[in-house]
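Structure assessment
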Amino acid sequence: MIVLAALRHDQRLSDLAGGNDVSRTTVDRWLKEMIGLLAARAPRLERVLAKIAREGGSVVLFDGSLIPTQRRTGLPMRRRWSAKHKRHGLLVIALTDVKGRLLWTSTARPARGSEITACRHDDLVGRLREAGLAAIADLGFVGLDDEMGDPAVITGYKKPKSKKLPPAKKLVNQLIAAERAVCEHAFAHLKNWRVLTKLRLDAKWATRLVRALMILTQREIAR
């Protein structure tokens with residue numbers, strides 16, 4: 001319960017320790033042990049995609065999100081500066097099914113890199129093709145898949161400068177946005193864990209933390 005309080009409400013460990021008559025180091029140890037145990041249950045990307053294909057699925061959804069971090073000095077913090085969001089943080093890519101169930105999260109990487117770069121680190125397009133699946137993503141992923149004839153990643157159309165989109169392309173964008181809404185809801189459920197409001201843990205724990213919270217979110221929604 002102490003660990004869940006720290007994750008859900010982002011309460012300071014010293015406050016939790018004092019209220020429960022234990023030391024802060026003990027609460028910190030409990031927190032990291034629980035994060036490690038839960039994160040170990042998170043499935044690998046290839047297993048997630050293979051399971052969707054076995055169950056007859058054909059499409060997945062993915063999106064990126066910024067996990068804000070505290071501002072400190074030094075080179076690592078400069079790498080965490082996101083020009084898009086105008087703040088420091090770590091970038092995470094998440095994958096959901098068409099019902100919005102969170103299935104996989106990527107490594108948390110410095111936010112200076114783009115969402116496309118993060119996907120290429122995980123060879124997301126190649127693994128989608130191997131599994132025989134397609135993905136729907138937002139305009140931030142335009143250019144991720146260079147295959148024009150049979151793309152594995154479906155995105156909308158960007159509006160050209162000083163021009164208007166034709167009605168047909170506007171309709172495509174609307175349809176894609178409607179399909180992607182459940183992916184946005186999945187991120188919203190994940191960020192109900194207020195520990196992600198501004199990460200105070202060491203950044204090396206960020207990947208395990210997000211994956212642990214994914215497992216807790218899955219359990220919470222399944223109840």
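Let me begin by describing the structure that accompanies this report. Owing to the predicted nature of the structure, the values given are computational and were not obtained by experimental measurement.

**Some details on the nonpolar core**
By size, the foremost hydrophobic cluster in this structure holds 36 residues, and its most contacted members are L7, L31, L196, L209 and L213. Among the elements of the structure, α1 (2-9), α2 (13-19), α3 (24-39), β3 (87-96), α8 (167-190) and α9 (206-222) are those that each provide at least two residues to this core. Top element by residues in this core is α9. It accounts for eight residues. Non-local contacts of L209, meaning those with residues more than four positions away in its chain, are made with L7, I35, V195, L196, L199 and L201.

**Things to note about the packing of α1 against α3**
Close contact between α1 and α3 brings their axes to 9 Å; oriented N to C, the two are set at 75 degrees. The pairing of α1 with α3 is recorded here as roughly perpendicular in orientation. Only V27, W30, L31 and M34 of α3 make contact with α1, whose side of the interface consists of I2, V3, A6 and L7. Tallied by class, residues from the contact of α1 with α3 come to eight nonpolar, no polar and no charged.

**Thoughts on the side chain of S82**
Relative to the elements of secondary structure, S82 occurs in strand β2 (residues 81-82). S82 sits in the buried class, given a relative accessible area of 4%. At a separation of 3.1 Å, a polar atom in the side chain of S82 contacts the main-chain amide nitrogen of H85. Excluding residues that lie within four positions of it along the chain, S82 makes contacts with L66, R87 and A111.

**Overview of the pairing of β3**
Extensive coverage of β3 is indicated by the burial of nine of its ten residues. By the bridge criterion, eight bridges tie strand β1 (residues 59-68) to β3 in an arrangement that is antiparallel. Looking at β3, one finds that L66 is bridged to L91. Here β2 pairs with β3 via two bridges, running antiparallel. What sits directly across from W81, in β3, is H88. Pairing of β3 with strand β5 (residues 109-110), which is carried by two bridges, proceeds in the antiparallel orientation. Opposite L91, over in β5, you have R109 as the bridge partner.

**Overview of the state of the cysteines**
The full count for this structure, using the stated rule, is zero disulfides. C183 provides the cysteine sulfur closest to C119, a residue in no disulfide bond, and the two sulfurs are 11 Å apart. Look at C119 and you get buried, because its relative accessible area is 2%. Of the residues examined, C183 reaches a relative accessible area of 1% and is grouped as buried.

The rules behind the values
Residues numbered from 1 in each chain as written. Predicted model: local features only at pLDDT ≥ 70, side-chain atom pairs only at ≥ 80, totals over all residues. Heavy atoms only, no water. Core = buried A, V, L, I, M, F, W, Y, C linked by side-chain atoms within 4.5 Å. Buried < 20%, exposed > 50% of the residue type's maximum accessible area, 1.4 Å probe, protein only. Helix = DSSP H or I, 4+ residues; strand = E, 2+ residues; numbered from the N terminus. Contact = heavy atoms within 4.5 Å. Axes fitted to C-alpha atoms, helices over the stretch in contact; angles between N-to-C directions. Parallel < 35°, antiparallel > 145°, perpendicular 65-115°, else oblique. Nonpolar A, V, L, I, M, F, W, Y, C, P; charged D, E, K, R; others polar. Polar contact = N/O pair within 3.5 Å; in protein donor to acceptor, adjacent residues only side chain to side chain. Pairing = 2+ DSSP bridges. Disulfide = S-S within 2.5 Å.

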